[in-house]
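As a plain string of letters, each chain reads:
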Amino acid sequence: LLAAAAAEFWYCGDEMMTAGSWMGDEGWANRDHSPATLGYVGVSLRNSADALLGADWVGACGDMEVAGASGDFYFVEDDWTRVVALLPDELAEGPTAWGEAQAALAP
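Here is what the cut-offs are and how they apply
Residues numbered from 1 in each chain as written. Predicted model: local features only at pLDDT ≥ 70, side-chain atom pairs only at ≥ 80, totals over all residues. Heavy atoms only, no water. pLDDT = per-residue confidence, 0-100. Helix = DSSP H or I, 4+ residues; strand = E, 2+ residues; numbered from the N terminus. Contact = heavy atoms within 4.5 Å. Axes fitted to C-alpha atoms, helices over the stretch in contact; angles between N-to-C directions. Parallel < 35°, antiparallel > 145°, perpendicular 65-115°, else oblique. Left-handed = near helix turned anticlockwise from the far one by under 90°. Nonpolar A, V, L, I, M, F, W, Y, C, P; charged D, E, K, R; others polar. Core = buried A, V, L, I, M, F, W, Y, C linked by side-chain atoms within 4.5 Å. Buried < 20%, exposed > 50% of the residue type's maximum accessible area, 1.4 Å probe, protein only. Salt bridge = Lys/Arg side-chain N within 4 Å of Asp/Glu carboxyl O. Patch = residues over 30% accessible without salt bridge, like charges linked within 9 Å, V, L, I, M, F, W, Y side chains within 5 Å. Areas by Shrake-Rupley, 256 points an atom, 1.4 Å probe, with all protein chains shown as cover. Lys, Arg positive; Asp, Glu negative; His and termini not counted. Charge placed at Lys NZ, Arg CZ, Asp CG, Glu CD.

**Examining the confidence of the model for the protein chain**
- For the protein chain, the mean per-residue pLDDT works out to 77, and 81% of the residues sit at or above 70.
- Highest mean pLDDT in the protein chain belongs to helix 2 (residues 35-53) (88); lowest belongs to helix 5 (residues 101-105) (50).
- Within the model, pLDDT remains below 50 along residues 91-99, and this stretch shows 16 contacts once partners closer than five positions in the same chain are excluded.

Here is the structure:
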């Protein structure tokens with residue numbers, strides 16, 4: 001499950017970086033958009049995925065929090081907080097303690 005989540009995070013991050021690059025090349029920064037933001041979020045998601053695969057729960061959560069904080073131009077930070085809550089608690093013994101996942105999914 002963690003490997004699948006990490007693969008999705010990595011893929012999403014890569015696509016955000018591609019979109020940000022494309023938007024920058026097409027001049028979207030001159031249209032009141034922030035293509036670099038997508039790049040920041042993309043790098044953070046990919047770093048989070050790498051940390052998940054390395055069982056670095058603190059790093060995974062930290063990079064996901066960075067994605068939420070830097071992506072507020074396009075994304076709602078609370079959505080990132082919900083994803084972080086699904087990841088293992090930093091004090092947990094591996095992926096057996098999933099934090100408050102049910103509360104994180106509540107609308």
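**Notes on the packing of helix 1 (residues 2-25) against helix 2**
- Interhelical geometry of helix 1 versus helix 2 gives an angle of 160° and a closest axis separation of 7 Å. Relative to helix 2, the element helix 1 lies roughly antiparallel. Both helix 1 and helix 2 take part in a crossing whose hand is left-handed.
- Looking at the contact of helix 1 with helix 2, its residues break down into 18 nonpolar, five polar and three charged.

**Quick notes on the side chain of Ser-48**
- Mapped onto the fold, Ser-48 is located in helix 2.
- Sequence-distant contacts of Ser-48, that is, excluding residues within four places in its chain, are made with Ala-60, Asp-63 and Met-64.

**Looking at the nonpolar core**
- Formed by 17 residues in total, the largest nonpolar core has its most connected members in Phe-9, Val-41, Leu-45, Leu-52, Met-64, Trp-80 and Leu-87.
- Sorting the residues of this core by element identifies helix 1, helix 2, helix 3 (57-70) and helix 4 (77-86) as the ones contributing at least two each.
- Dropping the residues within four chain positions of it, Leu-52 is found in contact with Leu-2, Ala-6, Phe-9, Trp-57, Ala-60 and Leu-87.

**Here's the deal with the pattern of salt bridges**
- As enumerated under the stated definition, the model contains two salt bridges in all.
- Put simply, Arg-46 and Asp-14 hold a salt bridge, and the shortest N to O gap is 2.8 Å. Here Asp-14 lies in helix 1 and Arg-46 lies in helix 2, a separation of 32 residues in the sequence.
- Looking at Arg-46, the relative accessible area reads 23%, which means it is partly exposed.
- Judged by relative accessible area, Asp-14 falls into the partly exposed class, the value being 25%.
- Note that Arg-82 is salt-bridged to Asp-79, the shortest N-O span being 3.3 Å. Taken together, the residues span about one helical turn, with Arg-82 and Asp-79 both in helix 4 at a distance of three residues.
- When its relative accessible area of 40% is taken as the criterion, Asp-79 is described as partly exposed.

**Observations regarding a negative patch on the surface**
- Residues Glu-65, Asp-72, Glu-77 and Asp-78 make up a contiguous surface patch of negative charge.
- Within the secondary structure, Asp-72 is located in the loop between helix 3 and helix 4.
- The class of Asp-72 is exposed, set by a relative accessible area of 52%.

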